[in-house]
Amino acid sequence: MTVSLYRLATAFILLFVLHSSAIEARDLRLATTTSTDNSGLLRAILPQFERQRGIKVHVISVGTGKALKLAENGDVDVVLVHDREAEEAFVAAGHGSERRDVMYNDFVLVGPKSDPAGVRGGSDILAALRKIAATQARFVSRGDDSGTERMEQSYWRALDITAQGKPWHISAGLGMGEVLTMAGEMQAYTLSDRATYASYQARTELEILVQGDPRMFNPYGIMAVSRSKYPDINFSDALALIDWMTSAAGRAAISAFKPKGEQLFFVAPASKQ
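Residues numbered from 1 in each chain as written. Predicted model: local features only at pLDDT ≥ 70, side-chain atom pairs only at ≥ 80, totals over all residues. Heavy atoms only, no water.

Chemist: Give a description of the packing of helix H8 (residues 176-186) against helix H9 (residues 194-204) that names residues and reports values.
Modeler: Closest axis-to-axis distance for the H8/H9 pair is 10 Å, and the angle between their directions is 30°. Seen from above, H8 lies across H9 with right-handed handedness. Counted together, Met176, Gly177, Leu180, Thr181 and Gly184 of H8 and Thr196, Tyr197, Tyr200 and Thr204 of H9 form the full contact between these two elements. For the contact of H8 with H9, the per-class residue count stands at 4 nonpolar, 5 polar and no charged. (Axes fitted to C-alpha atoms, helices over the stretch in contact; angles between N-to-C directions. Helix = DSSP H or I, 4+ residues; strand = E, 2+ residues; numbered from the N terminus. Left-handed = near helix turned anticlockwise from the far one by under 90°. Contact = heavy atoms within 4.5 Å. Nonpolar A, V, L, I, M, F, W, Y, C, P; charged D, E, K, R; others polar.)

If you want it as structure tokens, here you go:
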């Protein structure tokens, strides 16, 4: 190869690498809960944002605690979770900014048709869990520091019952879909967000036994990772995603997500954005 051809080839390779790096740098890393992924919501709505923005959103689906830890460490650009208290603490500690309410749904207590603890038809989650503990009926917990597990633990604390470590209380350390599958196989109870349950209902044959308690309200918030703490994060696209999800277009996409005709997520009131 002549010197001129060598230089031309080298320049071409360098240009290709730089172009590839630029494309990669445009990608957006989103840490979110298993519920938004397992339910199919993100697969339904994110392509619209990706086409509009010209980027790819890489979804990392974990429990809320792990999602916030990834964000705290600067390993992602934006985070969508469901633990309002933890979200506000995250922002107050300087790890994130631009927090906004996005949507909400609710938790449901599901279990086998046989309902060994006799909780069917109730609307008081604490009364139902008290019966489960009293009868020592099997209960599968997420055990993964997710928003769902944190909510479950708050119920046990309100009851002054130590469930963790008891033979009937199984800590799975798994995502919501896997826990529902496990509860179905074990004919056990579990706490689930309504959206993931709807996606797994047919394969688990679990039934909703308790619902409607105001304490089972489940709001979701979105935040960008702090650019002052991590200057290299993709803050511009993180903010664009936040803006889109709380815009008329994003809200319409969320509201239109109705697997089998059932609306599983409801947008937060616009006045509270």
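Chemist: Could you give me a rundown of the pattern of salt bridges, with the residues and numbers involved?
Modeler: What the rule picks out here adds up to 17 salt bridges. Between arginine 43 and aspartate 37 there is a salt bridge, and its shortest N-O distance comes to 3.5 Å. Under the relative-accessibility criterion, arginine 43 is labelled exposed at 56%. Classification of aspartate 37 as partly exposed rests on a relative accessible area of 22%. A salt bridge links arginine 150 to aspartate 145, with the nearest nitrogen and oxygen atoms 2.9 Å apart. For arginine 150, a relative accessible area of 26% puts it in the partly exposed group. (Salt bridge = Lys/Arg side-chain N within 4 Å of Asp/Glu carboxyl O. Buried < 20%, exposed > 50% of the residue type's maximum accessible area, 1.4 Å probe, protein only.)

Chemist: Please set out the environment of threonine 135 residue by residue, giving values where relevant.
Modeler: In this fold, threonine 135 is placed in helix H6 (residues 125-135). Counting along the chain gives 33 residues from threonine 135 to tryptophan 168, while the straight-line C-alpha distance between them is 9.3 Å. Reaching out from threonine 135, the side chain makes a polar contact with the backbone oxygen of isoleucine 132 at a distance of 3.3 Å. (Polar contact = N/O pair within 3.5 Å; in protein donor to acceptor, adjacent residues only side chain to side chain.)

Chemist: Talk me through the packing of aromatic side chains; I want residue IDs and the actual numbers.
Modeler: The geometry of an aromatic ring pair comes down to the distance between the two centres and the angle between the two planes. One pass over the structure, following the stated rule, counts 7 aromatic pairs. Centre to centre, the rings of phenylalanine 139 and tryptophan 156 are 6.0 Å apart; their planes meet at 80°, and the pair counts as edge-to-face. Placement of phenylalanine 139 in strand S5 (residues 139-141) and of tryptophan 156 in helix H7 (residues 147-159) is noted, with a sequence separation of 17 residues between them. Ring centres of phenylalanine 257 and phenylalanine 265 lie 6.5 Å apart, and the angle between their planes is 35°; on these two criteria the pair is classed as tilted. Residue phenylalanine 257 shares its accessibility class with phenylalanine 265, and that shared class is buried. Every member of this aromatic cluster is reached through a ring pair, and the members are Tyr104, Phe217 and Phe266. The ring of tyrosine 200 carries the charged tip of arginine 203 above its face, separated from the ring centre by 4.1 Å. (Phe/Tyr/Trp six-rings, centres within 6.5 Å; stacked < 30°, edge-to-face > 60°. Lys NZ or Arg CZ within 6 Å of the ring centre and 35° of its normal.)

Without other data, these values stay purely geometric and don't point to any function.
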